[in-house]
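Residues per chain are reported as follows:
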Amino acid sequence: TYTTDKVELVVTVTEATEDADGDTGVQDNNKTLTNDYTKLEGDAQPQVTKTVTGNTTHSSYNADEEFEFTLTADSATSLDGQTTITTIPMPEGTGNVKTAKAGAVALFGSIHYEEEGLYYYTITETDGGTEHMTYDTTAKYVCVKVEKNLQTLKMDTTVTYGATKAACTAASAPTSLEVTNKYSITEYTPEIIKKVTGAEAPAGTYEFALTKVDSANGETRTKDSDVLGTATASITVAAMGASETEK
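A short tour of the structure in this document, coming up. The model shown is predicted, which means the values in this text are computed figures rather than measured ones. (Residues numbered from 1 in each chain as written. Predicted model: local features only at pLDDT ≥ 70, side-chain atom pairs only at ≥ 80, totals over all residues. Heavy atoms only, no water.)

Turning our eyes to something else, we now look at the sheet that holds strand β4 (residues 97-100). Backbone-to-backbone hydrogen bonds join strands into a sheet, with any given pair of strands oriented parallel or antiparallel. Pairing is antiparallel across the open sheet formed by five strands, whose spatial order is β4-β3-β7-β9-β10. Of all strands in the sheet, those bounded by a partner on one side alone are β4 and β10 (154-162). Averaged over all pairs of adjacent strands, the angle between their axes in this sheet comes to 30°, without regard to strand direction. In this structure, strand β3 (residues 67-77) lies alongside β4, joined through four bridges in antiparallel fashion. Bridge pairing in β4 places F67 opposite A100. (Pairing = 2+ DSSP bridges. Helix = DSSP H or I, 4+ residues; strand = E, 2+ residues; numbered from the N terminus. Axes fitted to C-alpha atoms, helices over the stretch in contact; angles between N-to-C directions.)

Next up on the list: the nonpolar core. Judged by nonpolar contacts, the single largest core of 30 residues is most densely connected at V48, F69, Y113, Y119, Y121, I123 and V144. Among the secondary structure elements, those contributing two or more residues to this core are β2 (47-54), β3, β6 (111-113), β7 (117-125), β9 (140-149), β10 and β11 (178-183). No other element matches β3, which puts four residues into this core. (Core = buried A, V, L, I, M, F, W, Y, C linked by side-chain atoms within 4.5 Å. Buried < 20%, exposed > 50% of the residue type's maximum accessible area, 1.4 Å probe, protein only.)

What follows concerns the pattern of salt bridges. Under the defined criterion, the tally for this structure stands at six salt bridges. Taking the shortest distance from any N to any O, the salt bridge between D136 and K140 comes out at 3.0 Å. (Salt bridge = Lys/Arg side-chain N within 4 Å of Asp/Glu carboxyl O.)

Position of F67 relative to the elements: it lies in strand β3. Given a relative accessible area of 2%, F67 falls into the buried group. Sequence-wise, F67 and T126 are 59 residues apart; in three dimensions their C-alpha atoms are separated by 7.3 Å. Residue contacts for F67: discarding those within four places in its chain leaves K50, V52, K98, T99, A100, K101, A102, E125, M133, Y135 and N181. (Contact = heavy atoms within 4.5 Å.)

This is how it looks when you write it as structure tokens:
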């Protein structure tokens, strides 16, 4: 911090004459101007909110699942984008890996800044491998803008997010991030009605096998290995076209 104090400097030129002690009688009127140096610093904490949609009321859904996110340094430039900054601060220790349950926030460790600039990071969710869960593992960008504030003598930090680096520096860039997964599971109980027609239709027992099929290239095909043997069931149909429903 530079001082704005003013001092008056007066210079008087006289002929120096020594007295008996050798003193010339010239006075020392030196003035000292003092500046104060304050190191400007600031901190920021990126974060992400976890959301899960889909069939979250199903009995198989685990509401206590912890979803893991990793913060990774990407790049940094001066505020005008013209100069590359080679040192990108990161949270200390394991502060760059955090977890959160659905509906909660993963808050990364505090990042300390001492230089103005635009600092870019990515936030990526780890695929937890939970059955029926679709994870959003696409990297999301974070920009931390660091600016000097000579009024507070600190570094001001602003955190914004986006799908790309350009998006997170746009004027409309959001100041929060939400990552959404989808839990998809559907239960269906198949049923069949067996009818026997004809005046002399005999009574009999008919067996049905439930077989899993999938579709490839627009064609339906049956996999022998996917036959659900435990789903085989039989029903007895009375004579004269009576019917019964299998569930």
